[in-house]
Amino acid sequence: MDTLFHLWYYLRLRLYGTLSSVYCKVYYRLRGIQLGRKVTFIGIPIIYKFPGSKIDIGNHNEIRTTPMSNLIGIKQRTTFSTHSRDALIKIGDHCGMSGVVIGAKESITIGNHAMIGANVLITDFDWHAIDATARNRGESSKSRPVRISDNVFIGTASIILKGVSIGENSVIGANSVVTSNIPANVIAAGNPCKIVSKLT
């Protein structure tokens, strides 16, 4: 009986993924979003593209949005948003993400073979100004680019803030808040995120 339920779950997930992917590939290309080959969508992400900005999703990526697609628990729809004319979101090849929110005012780039855990937030600006007077005028903060290198694994519910660079192969522990650069080949975790150990 368990085998039958497993098969039903898998088939339902594949069917939903096929239907979501067809819809997304047509709709997002009409919106001017660059999609590479063999991008799979399981569920339909929210995408807000500021006029003139660029969202570029590479080849062989899997983007999960529906809760049924990740049993660790997706608490939000995957969301990509750009917030200025020159903003860029660029995702490399062979990446996977679930319920991830990416908001760019300047530039967020993600390398190849990156794995972004469920409910992660990546942003290159603070959304609201720190100064109360500016905030009351509706102004947002200044932005600084975010760069996530190849083979990075970001654990569930982590937050990657403006100006951060994460080096190749590094692992960010679950629920971390990354406020400064993380070098290549390390495990880092915590709030604020700090190096825990080096990878050999």
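A brief report on the enclosed structure follows. This is a predicted model, so every value here is computed, not measured. (Residues numbered from 1 in each chain as written. Predicted model: local features only at pLDDT ≥ 70, side-chain atom pairs only at ≥ 80, totals over all residues. Heavy atoms only, no water.)

**Some remarks on the pairing of strand β20 (residues 194-198)**
Within β20, only 0 of the 5 residues are buried, leaving the element largely exposed. Alignment of strand β19 (residues 186-189) against β20, held across 4 bridges, turns out to be antiparallel. Of the residues in β20, the one forming a bridge with I187 is S197. Between the end of β19 and the start of β20, which pair antiparallel, lie 4 residues, with G190 showing a positive phi angle near 110 degrees. (Buried < 20%, exposed > 50% of the residue type's maximum accessible area, 1.4 Å probe, protein only. Helix = DSSP H or I, 4+ residues; strand = E, 2+ residues; numbered from the N terminus. Pairing = 2+ DSSP bridges.)

**Quick word on the side chain of R64**
One can find R64 in strand β5 (residues 62-64). Side-chain polar atoms of R64 contact the side chain of E62, separated by 2.7 Å. When residues no more than four places from it in sequence are discounted, the contact partners of R64 are L13, R14, I42, S69, N70, I74, T78, M97, S98 and G99. (Polar contact = N/O pair within 3.5 Å; in protein donor to acceptor, adjacent residues only side chain to side chain. Contact = heavy atoms within 4.5 Å.)

**Points about the pairing of β19**
Burial along β19 is one-sided: V186 and A188 are buried, while I187 and A189, pointing the other way, are not. Judged from the 2 bridges that link them, strand β17 (residues 171-172) and β19 form a sheet pairing that is parallel. Residue pairing across strands places V171 opposite I187, the latter belonging to β19.

**Here we look at the sheet that holds strand β8 (residues 96-98)**
Taken in spatial order, the 8 strands line up as β2-β5-β8-β11-β14-β17-β19-β20 in an open sheet, and their pairing is mixed. On the outer flanks of this sheet lie β2 (40-42) and β20, each paired with one strand and no other. Of the strands in this sheet, β2 and β5 touch helix α1 (residues 2-30), which is tilted by about 115 degrees from β2. (Axes fitted to C-alpha atoms, helices over the stretch in contact; angles between N-to-C directions.)

**Considering the packing of aromatic side chains**
All chains considered together, the criterion is met by 4 aromatic pairs. Centre to centre, the rings of Y28 and F41 are 5.6 Å apart; their planes meet at 65 degrees, and the pair counts as edge-to-face. You can see Y28 sitting in helix α1 and its partner F41 sitting in strand β2, a full 13 residues away along the chain. F41 gets classed as buried once you look at its relative accessible area, which sits at 0%. With a centroid separation of 4.8 Å and 20 degrees between ring planes, the pair formed by F125 and W127 is classed as stacked. With relative accessibility at 4%, the residue F125 sits in the buried group. An aromatic cluster is defined as three or more aromatic residues linked by ring pairs; in this entry it consists of Y23, Y27, Y28 and F41. (Phe/Tyr/Trp six-rings, centres within 6.5 Å; stacked < 30°, edge-to-face > 60°.)

**Digging into unusual backbone geometry**
Glycine aside, residues mostly have negative phi angles, and peptide bonds mostly take the trans form. For the bond running from N191 to P192, omega is 0 degrees, close enough to zero to count as cis. Following the sequence through the fold, P192 ends up in the loop between β19 and β20. With phi around 60 degrees, H94 is a residue other than glycine that occupies positive phi space. Here H94 shows up in the loop between β7 (88-91) and β8.

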